[in-house]
Amino acid sequence: MNLVERDKAVIWHPYTQMKTALPHIPIVRGEGACVYDENGKRYIDAVSSWWVNIHGHTNPYIAKKVAEQLLKLEHVIFAGFTHPTAIELAERLLAILPSNQKKAFYSDNGSTAIEVAIKMCLQYWHNQGQPRTKMLAFKNAYHGDTFGAMAVSGRSAFTAAFDSLLFEVEFIDLPSKENISSLKSQVSSLKSQVACFIFEPLVQGTAGMLMYEAAYLDELMAHCREEGVLMIADEVFTGFGRTGKLFACDHLTNQPDIMCFSKGLTGGTMALGLTTCIQQIYDAFLSDDKLKTLFHGHSYTANPVACSAALASLDLTLDGSTMQNIKRIEKMHSAFAEKIKHHPKIKTTRQTGTILAMEWETGSNTSYFSSLRDKLYLYFLEAGIILRPLGNIIYILPPYCITNDELNYIYAKIEQALDEI
């Protein structure tokens, strides 16, 4: 059997209706912004393999650091023990995060980083004898697929089978000039019940790259701070340069109490999650009463190899050339968006940092299940480009090492698709 047949015999793929799915493409190697299938066909990874790969595939510097770590220590239990890479990564990250972030808690992916944050907030109030169980989140939010992360995500086809099992969440609109006063009033009316407010700063990725202004998020956060509502910033997607700054929260004056990271944390090399918090939250768990312990952990918590990958990725992220590449991509995205924004098939374009989204005009409402999605996906695959449309919304989210020629090829094929589909 070939790889496609072997895959079909044994594997259940994510977000896939396996009965109607096309054969999955076997990728056998990667280099830079591209991956190659078993027949040697090249695909430009224009979505950074689900938004994780920020420095390109098989980055030699990250590979070298991971290989070195594998010969030192592959793993050790992280309860009762520690190791140098976990300590160094926490030190270096806390040094560049908002200054109120003081402690780091490791997990193994984006959803678990969110789960940790939610449990921190719920138990923070429980430990003080003031149980609060309601959450505040934005409509259309996506924070992950484990149960806590699902609960604070917008209700949709993704959660429908589990809705009756999800805890209570108050969903509010994205802040704007028109609604900021009413949102603040809503927060004030709920404050004694709310354990926390969780949000994707500036960009709601899975919702269709929906973008909103930092100024109104700032104002809402300032009000939450006044009302004593804890805040969680989900930077799983937006962290490590995606919005044009190191972190989306760097666009803000007010800062969250908890921050969550994964995806670009290791440069796309392997799974790792991280949740940071302010001293006040950490202190609420310090007690002679062992029942006030945060009872959460994972077998691979703070895996030394993953931490080494993250340290190497951080080296590259903080290198001046990476920020130059981010600015280069921003500029090229902006020019392309300006070029196509009046095309009759383009409903709207939007951009934040290296994230460019284009909404296709379908004559009906935007939908994740738009029939246009599969046509566009296959069209670009045929052209050697990996783009995974969110329904009728195409987005480009490339590794920072992508070349101008590769970007221009993607732009050209999108223009061609506009004329042909």
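Look up: the structure comes first, before these words.
Predicted, not measured: the structure shown is a model, and the values here were computed from it. (Residues numbered from 1 in each chain as written. Predicted model: local features only at pLDDT ≥ 70, side-chain atom pairs only at ≥ 80, totals over all residues. Heavy atoms only, no water.)

Asker: Please set out the overall build of the chain residue by residue, giving values where relevant.
Answerer: Scanning the chain from N- to C-terminus turns up 13 helices and 16 strands. Seen through its C-alpha atoms, the chain measures out along the principal axes to roughly 65 × 55 × 45 Å. Put simply, the chain has 421 residues, and 51% of those count as buried. Of the contacts formed within the chain by residues at least 6 apart in sequence, a portion of 70% connects residues at least 24 apart. About 19,000 Å² of surface is accessible on the chain, with carbon and sulfur atoms providing 54% of the total. The chain carries 38 positive and 44 negative side-chain charges, and their two centres are separated by 1 Å. (Helix = DSSP H or I, 4+ residues; strand = E, 2+ residues; numbered from the N terminus. Buried < 20%, exposed > 50% of the residue type's maximum accessible area, 1.4 Å probe, protein only. Contact = heavy atoms within 4.5 Å. Areas by Shrake-Rupley, 256 points an atom, 1.4 Å probe, with all protein chains shown as cover. Lys, Arg positive; Asp, Glu negative; His and termini not counted. Charge placed at Lys NZ, Arg CZ, Asp CG, Glu CD.)

Asker: Provide a residue-level description of unusual backbone geometry, including the pertinent values.
Answerer: What you tend to see is this: most non-glycine residues have negative phi, and most peptide bonds are trans. For Trp51, which is not a glycine, the phi torsion comes out positive at approximately 75°. What makes Trp51 buried here is its relative accessible area of 8%.

Asker: Let's hear about the pattern of salt bridges: which residues, and what values?
Answerer: Taken as a whole and judged by the stated rule, the model has 17 salt bridges. Two residues, Lys64 and Glu68, come together in a salt bridge whose shortest N-O distance is 2.8 Å. One end of the pair, Lys64, and the other, Glu68, are both in helix 3 (residues 60–70), four residues apart, so they sit about a helical turn from each other. Owing to a relative accessible area of 46%, Lys64 belongs among the partly exposed residues under this scheme. What makes Glu68 partly exposed here is its relative accessible area of 32%. The salt bridge partner of Glu219 is Lys184, with a shortest N-O separation of 3.0 Å. (Salt bridge = Lys/Arg side-chain N within 4 Å of Asp/Glu carboxyl O.)

Asker: Provide a residue-level description of the sheet that holds strand 1 (residues 27–31), including the pertinent values.
Answerer: Strand order in the open sheet made by the four strands is 1-2-3-15, with mixed pairing throughout. The open sheet is flanked by strand 1 and strand 15 (385–386), the only strands paired with a single partner. Of the pairings in the sheet, the one linking strand 2 (residues 34–37) to strand 3 (residues 42–45) comprises three bridges and is antiparallel in character. Note on strand 3: the bridge partner recorded for Val35 is Tyr43. Against the sheet, helix 13 (residues 404–420) engages strand 2, strand 3 and strand 15, with an angle of about 95° to strand 3. (Pairing = 2+ DSSP bridges. Axes fitted to C-alpha atoms, helices over the stretch in contact; angles between N-to-C directions.)

Asker: So what about the side chain of Lys413? Which residues, and what values?
Answerer: With respect to the element layout, Lys413 can be found in helix 13. Buried within the structure, Lys413 lacks any salt-bridge partner; its nearest side chain of opposite charge belongs to Glu420, at an N-O separation of 7.2 Å.

Any functional reading would require information that these geometric values do not contain.
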